[in-house]
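One letter stands for each residue in the lines below.
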Amino acid sequence: MSYRRERAVMLSELIKKVQKKEEVSSAELERLVADLIDPETGIEEKANFLAAFHEKGETAREIADLARILRGLALDPRVDLKLLGGLLLDTCGTGGDRMNTFNASTAAAFILASANLPVAKHGNRSVTSQCGSADVLEALGINIEMPPETVQGALEQTQFAFLFAPAYHKIFKTLQPLRQYLAQKGLRTVFNIIGPLINPARPNIQVVGVYAPDLTERMGEALKNMGLMRAVAVHGYTSDAKDAGLDEFSNLGPNRLTQLHSSGAMESIDLDISVVGLKPANLEELKGGDHISNAAIIEGILKGQIHGAQRDFVLFNAAAGMVLGNLATDLKDGILKAAEQIDSGKAWKKVEQVREFSRAASTIRKLSPTDKPVRVKVDTDWIRLQKEKQREEVSKRPSSIHSGERLPNPTQMLRPPAPPKKEDQ
């Protein structure tokens, strides 16, 4: 049997497996990635599997395993968390909500960096919206294609680094025809979920927006499986009717949250924005435009010139990072702390600092393919080693003030676990 025929048979067997609602093993996912990046495998065959996989419903374990494999194939900027105080945050969404709001999570990232919380922002150009994070950062005058060897210095000196996805995930170039094919068919797949999970800088705290409310728990479990210290997955509804929503914290209506505490405990709730002191906005107030328009909105907010719903939208998203980063006790406090960063002028100064650093970094020699070659062969032992490392790291995890027992007020991000019942004497 030819190599291509053998691969086609294996993919066909996997399709039958997921159609029977059976889980795909870690080893099978490794072989799947090899098939997906193999130009000899037909696009329709790949698409048929991904469609069936999504129809089955990807489990948290499957999502995490696939994300680990893909992240392991990316260029590694070799970020040392110890030199950053032990915490590194990313705040981004899956995309795909099709609401075309302006780039609130990017604006929130600058607020958090201005509060000395290191942020490794992983992003791309526009795919499902008018303006991606890369587009708006360019419009703000920031060099988005800094060499990987500058990431550590950027985080230490400015507390902010942008990791432009195409520069790190070289194998995604081979997946581009497949993704275009899926987009033309209007098919959502696991690739619409895993983007926030494959940040090459490997943040250990994360705010992840998801395009559907039923994804928050799966995303939270996936983040836990990947060994994150603390995280929150959120879907923000656009109204009380909970019809469609945002892949971000929303000041339009309730928010569905799943939080991973440092203790490993997970909890999901629906949060009303009145609890954190925000007034409901309407979607038109949060609409964005092209990269120039969105950059102007971000500049106006961070300079303290724009108030109201747009500012609240950014503050709400920054507040979640404040809580995860030990800078606030709850979301309401986080909103106040984020507002202080704007009102003090620190948030906009951070944009200027990052812009200056990025321009200087553009003169640094970029890596050549011989410096850090992309590993295109899937390592069959890789997931096993990652799982062993994860178990070891989790066993050594210290207790945290944000373990779930720290926040007793109703304005906290999530309710703490109930105390254990006392046995009858």
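Residues numbered from 1 in each chain as written. Predicted model: local features only at pLDDT ≥ 70, side-chain atom pairs only at ≥ 80, totals over all residues. Heavy atoms only, no water.

This part covers helix H15 (residues 346-361). Over its 16 residues, H15 runs 22 Å from end to end, which matches the ideal 22 Å to within 8%, given 1.5 Å per residue. All of the buried residues along H15 are Ala347, Trp348, Lys350, Val351, Val354, Phe357, Ser358 and Ala361. (Helix = DSSP H or I, 4+ residues; strand = E, 2+ residues; numbered from the N terminus. Expected span 1.5 Å × (residues − 1). Buried < 20%, exposed > 50% of the residue type's maximum accessible area, 1.4 Å probe, protein only.)

Turning our attention to the confidence of the model for the protein. On average, residues of the protein score 84 in pLDDT, and 81% of them reach the 70 mark or higher. Within the model, pLDDT remains below 50 along residues 365-380, and this stretch shows 28 contacts once partners closer than five positions in the same chain are excluded. Counted against residues more than four places away or in other chains, residues 397-411, with its pLDDT under 50, gives 36 contacts. (pLDDT = per-residue confidence, 0-100. Contact = heavy atoms within 4.5 Å.)

What follows deals with empty space enclosed by the protein. One pass over the full model with this rule turns up 4 cavities of 30 Å³ or more. Forming the walls of the largest cavity are Arg71, Pro196, Leu197, Asn199, Arg202, Pro203, Gln206, Leu223, Met226 and Leu228. For the lining of the largest cavity, the class distribution of residues is 6 nonpolar, 2 polar and 2 charged. (1 Å grid on protein atoms, 1.4 Å probe; cavity = no way out; pocket = protein on both sides within 12 Å on 5 of 7 lines; lining within 4 Å. Points joined across faces, edges and corners; volume = space filled by probe spheres on them. Nonpolar A, V, L, I, M, F, W, Y, C, P; charged D, E, K, R; others polar.)

Right, let's get into helix H7 (residues 151-158). Helical geometry: 3.6 residues make up each α-helical turn, so side chains three or four residues apart lie on a common side. Listed in full, the buried residues belonging to H7 are Val151, Gln152, Ala154, Leu155 and Thr158. Close packing links the buried residues of H7 with helix H5 (104-114), strand S2 (119-123), strand S3 (160-164), helix H8 (165-168) and H15. Backbone geometry just downstream of H7 places glutamine 159 in the positive-phi region, at approximately 65°.

On inspection of all chains with the given rule, the structure shows 6 aromatic pairs. Where phenylalanine 49 meets phenylalanine 53, the ring centres are 5.2 Å apart and the plane angle is 25°; that geometry is what we call stacked. Here phenylalanine 49 and its partner phenylalanine 53 are both found in helix H3 (residues 43-56), 4 residues apart, which amounts to about one turn of the helix. On the basis of relative accessible area, phenylalanine 53 is assigned to the buried category, the value being 1%. The interplanar angle of 20° and the centroid separation of 4.7 Å between the aromatic rings of phenylalanine 110 and phenylalanine 160 together place this pair among those described as stacked. With phenylalanine 110 in helix H5 and phenylalanine 160 in strand S3, this pair connects stretches of sequence that are 50 residues apart. Phenylalanine 110 sits in the buried class, given a relative accessible area of 0%. In this structure, arginine 188 is placed above the aromatic ring of tyrosine 211, and the distance from its NZ or CZ to the ring centre is 3.9 Å. (Phe/Tyr/Trp six-rings, centres within 6.5 Å; stacked < 30°, edge-to-face > 60°. Lys NZ or Arg CZ within 6 Å of the ring centre and 35° of its normal.)

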